[in-house]
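Summary of the model geometry
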Amino acid sequence: KGSAAADIEQFAGTLYFMGLPSTAVIEILGGNYYHGISAAETALASVLRCGQRANVTVHDDSTATTIYNSGALVVRGTSTTITQYSGTTVCWKNPTNIDVLGGYAALNGSENMTAVSAGPGYLDLSQAMETFTITTWTPRAGVQVIDPNRRVLGTFGTPTINYN
């Protein structure tokens, strides 16, 4: 359990946290980190930073409000804003906003999104069948969007979506 002003850095190994305060800033530079251990446990963080050698999982009943990722990230819980610099992000519950600046991001949830910006990098929508709406779509050069099931409702605009 952390204190109200918990700042946590992890360089290697495996780290588990439950019941952190919502003001916690967590920086994982390497190793494994499990934000909330199971559906019965909750963990909160205002900021979660994932380094290139980090493997991070945000579990079902946990929240990380703002996430910066360059490593391997799986989000099963709640997040408001994700910035993907490199590496891989797989969201089983869509964040409110995501900015893909590189790497690979998969959105597998059915939650509507306010803003999606991408490029360069991959935005993969092929892992699930449920549709959802993106209010503001901002593509940048080098983005590749994969949406064979046409999950996104409305007009995606440029670039052309790969529906295959």
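Here is what the cut-offs are and how they apply
- Residues numbered from 1 in each chain as written.
- Predicted model: local features only at pLDDT ≥ 70, side-chain atom pairs only at ≥ 80, totals over all residues.
- Heavy atoms only, no water.
- Helix = DSSP H or I, 4+ residues; strand = E, 2+ residues; numbered from the N terminus.
- Pairing = 2+ DSSP bridges.
- Salt bridge = Lys/Arg side-chain N within 4 Å of Asp/Glu carboxyl O.
- Buried < 20%, exposed > 50% of the residue type's maximum accessible area, 1.4 Å probe, protein only.

Looking now at unusual backbone geometry. In this structure, Pro120 follows Gly119 across a cis peptide bond, with omega equal to -10°. Considering the arrangement of structural elements, one finds Pro120 in the loop between β11 (113-118) and β12 (121-124). One non-glycine residue, Arg150, lies in the positive phi region at around 50°. Counting through the fold element by element, Arg150 comes out in the loop between β14 (143-146) and β15 (152-153).

Before going further, it helps to spend a moment on the pairing of β12. Judged from the 3 bridges that link them, strand β10 (residues 104-107) and β12 form a sheet pairing that is parallel. By the bridge assignment, Tyr104 is partnered in β12 with Tyr122.

What follows covers the environment of Ala43. Here Ala43 is to be found in the loop between β3 (25-35) and β4 (44-58). For the pair Ala43 and Asp61, spaced 18 residues apart in the sequence, the C-alpha separation amounts to 7.6 Å.

With that settled, consider the pattern of salt bridges. As enumerated under the stated definition, the model contains 2 salt bridges in all. In this structure, Arg49 engages Glu27 in a salt bridge whose closest nitrogen and oxygen atoms are separated by 3.7 Å. Here Arg49 is found in strand β4, whereas its partner Glu27 is found in strand β3, with 22 residues between them in sequence. Judged by relative accessible area, which is 34%, Arg49 ranks as partly exposed. Across the salt bridge formed by Asp99 and Arg140, the nearest N and O atoms sit 2.6 Å from each other.

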